[in-house]
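# Notes for the structure review
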Amino acid sequence: MRHGEEILLRVADPHGGPDTGAERGEMEAALHRAIAELDEDRRVVVILRDLEGLSYEEIASALGIELGTVRSRLHRARMDLKGKMERFLP
Amino acid sequence: MTCSETRDLLSAWLDQALDAHEREQVEAHLAGCPECRRELEGLRSTVTVLSRVEHPRAPVGFVDRVMGEVYPAPWYRKLGRLVFQPLSVKLPLEAGAMVVIAILGVYLLQGTPEMKDAARPDVPAVAPRPDSRQSRCRHHCPRPPPRHLRQRAQPGSRKERHPLPVRNVSATIWPGARI
């Protein structure tokens, strides 16, 4: 391996090049847009669970709703997001 | 359990938020239903993407600026913040001020004759006795000869025997005049 190639390998971003970073940024932008487009009831639940990391019980207590309602709202919110993020999913 | 009932529980199954009975039912249905397994994989990918999202962060100082607009700080608090700035700002300022003061002090001590005299070591505070050697002037008067070289004026010496002749001052002024 030539000296220049060693330098290029050493300075290369291990997490991917600019195209990977741009793709990740595009995906995150699309995800934020998709979350913003959700119905408010579903948006609140998915944010509390998937972004803030609250448990189902904590969400039910915070919103004053049943545990089953948390489950169904979260599932519908995720299904909505799955449909909007189809092109980014493997 | 039907496909619809199972899919309603898939999110909770992924989050391990089902009780043991519900979990067994879901897993039994998934074992025999490829459609629901495909649905589960799509849901898992969505949750994985969601978990990688970085929380949007407000710019540094944004919250402080907002709260400052909501609750304006009184003038004395602003003055206090100005005086007691963060240590990362205050310490370099103080160090710089100390260096400037030190340089100014050295410049003043070396620049003016008064400050030069003031910087000399002090003379002894005790005044010497008039008859001591130190009372003699060191700058203008010649030192006296050593004791063994001094010549005493003895009675009958040359100075006594031949005193200087007294000049007739009047004769000098008016020659021939007698007083």
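Note that the structure is a prediction, hence the values are computed from the model and not measured. (Residues numbered from 1 in each chain as written. Chains lettered and ligands numbered in written order. Predicted model: local features only at pLDDT ≥ 70, side-chain atom pairs only at ≥ 80, totals over all residues.)

## Here's the deal with the overall build of chain A
Definition in use: Numbering of helices and strands starts at the N terminus; helices are DSSP runs of H or I of at least 4 residues and strands are runs of E of at least 2. We call two residues in contact when their backbone-placed C-beta atoms lie within 7 Å.
Helix and strand counts for chain A come out as five helices and zero strands. Partitioning the intrachain contacts of chain A with sequence separation of at least 6 by distance along the chain shows that 56% fall at a separation of at least 24.

## Here we look at the overall build of chain B
Heads up, the rule is: Exposure is read from a count of other C-beta atoms within 10 Å of each residue's own; the residue is exposed at 12 or fewer, buried at 20 or more and partly exposed in between. C-beta atoms are placed from the backbone.
Looking only at helices and strands, chain B has ten helices and zero strands in total. When its helices and strands are written in sequence order, chain B yields α-α-α-α-α-α-α-α-α-α. Within chain B, the proportion of its 179 residues that are buried is 8%. If you take every contact in chain B between residues at least 6 apart in sequence, the share linking residues at least 24 apart comes to 39%.

## Some thoughts on the packing of helix 4 (residues 56-63) of chain A against helix 5 (residues 67-84) of chain A
Residue and element names in this part refer to chain A. Heads up, the rule is: Simply put, an axis is a line fit to the C-alpha atoms, just over the touching stretch for a helix, and the angle between two N-to-C directions goes from 0 to 180 degrees. Here roughly perpendicular refers to angles of 65 to 115 degrees, roughly parallel to angles under 35, roughly antiparallel to angles over 145, and oblique to all remaining angles. Residue polarity follows a fixed list, in which Ala, Val, Leu, Ile, Met, Phe, Trp, Tyr, Cys and Pro are nonpolar, Asp, Glu, Lys and Arg are charged, and the others, Gly among them, are polar.
It is the contact of helix 4 with helix 5, at a shortest axis distance of 9 Å, that shows an interaxial angle of 105 degrees. Considering their axes alone, helix 4 and helix 5 lie roughly perpendicular with respect to each other. Contact residues: Tyr56, Glu57, Ile59 and Ala60 in helix 4; Leu67, Val70 and Arg71 in helix 5. Along the lines of polarity and charge, the residues of the contact of helix 4 with helix 5 split into five nonpolar, no polar and two charged.

## Let's talk about the interface of chain A and chain B
The interface is formed by 16 residues belonging to chain A together with 15 residues belonging to chain B. Secondary structure elements with two or more residues in the side of chain A that touches chain B: helix 2 (18-36), helix 3 (40-51) and helix 5 of chain A. For the side of chain A that touches chain B, the element with the highest residue contribution is helix 5 of chain A, accounting for seven residues. Counted by class, the side of chain A that touches chain B contains nine nonpolar, two polar and five charged residues.

## A closer look at the environment of B:Cys36
Residues and elements named next belong to chain B. Secondary-structure assignment places Cys36 in helix 4 (residues 34-52). Accessibility expressed as a C-beta count within 10 Å gives 20 for Cys36, which makes it buried. Spatially, the C-alpha atoms of Cys36 and Ser4 are 9.1 Å apart, while their sequence positions differ by 32 residues. Leaving out residues up to four positions away in the same chain, Cys36 has contacts with Cys3, Thr6, Arg7, His29 and Leu30.

## Considering the nonpolar core
One recurring pattern in soluble globular proteins: nonpolar side chains tend to sit buried together. The test is simple: Here, a nonpolar core means buried Ala, Val, Leu, Ile, Met, Phe, Trp, Tyr and Cys residues linked by C-beta atoms lying within 7 Å of one another.
One finds A:Ala34, A:Ile35, A:Val45, A:Val46, A:Tyr56, A:Ile59, A:Val70, A:Leu74, A:Ala77 and A:Leu81 forming the largest nonpolar core, which totals ten residues. The set of elements that each furnish at least two residues to this core consists of helix 2, helix 3, helix 4 and helix 5 of chain A. The leading source of residues in this core is helix 5 of chain A, at four residues. Counting residues in each nonpolar core, the second largest holds seven residues, with B:Leu9, B:Leu10, B:Leu18 and B:Val26 among its members.

## Let's talk about the confidence of the model for chain B
Residue and element names in this part refer to chain B. Test applied: Scored between 0 and 100, pLDDT is the confidence that the predictor attaches to each residue.
Overall, the prediction assigns chain B a mean pLDDT of 74, with 60% of residues at 70 or greater. Mean pLDDT values over the elements of chain B span from 50, in helix 9 (residues 158-161), up to 92, in helix 3 (residues 20-32). On the interface metric, ipTM, the complex scores 0.70, and its pTM is 0.48.

## Some thoughts on the environment of B:Ser45
Along the chain, B:Ser45 falls in helix 4. We classify B:Ser45 as partly exposed; it has 15 C-beta atoms within 10 Å. Once you skip the residues sitting within four places of it in the chain, B:Ser45 turns out to touch A:Leu89 and A:Pro90.

## Remarks on the packing of helix 5 of chain A against helix 4 of chain B
At a closest axis distance of 9 Å, the pairing of helix 5 of chain A and helix 4 of chain B adopts a crossing angle of 90 degrees. Judged on the interaxial angle alone, helix 4 of chain B and helix 5 of chain A are roughly perpendicular. Contacts between helix 5 of chain A and helix 4 of chain B involve A:Arg78, A:Leu81 and A:Lys82 from the former and B:Gly42, B:Leu43, B:Thr46 and B:Val47 from the latter. Of the residues contributing to the contact of helix 5 of chain A with helix 4 of chain B, the split by class is three nonpolar, two polar and two charged.

## Re unusual backbone geometry
Only a minority of non-glycine residues have a phi that is not negative, and only a minority of peptide bonds are not trans. Although it is not a glycine, B:Gln16 adopts a positive phi angle of roughly 55 degrees. Inspection of the secondary structure assignment puts B:Gln16 in the loop between helix 2 (10-14) and helix 3.

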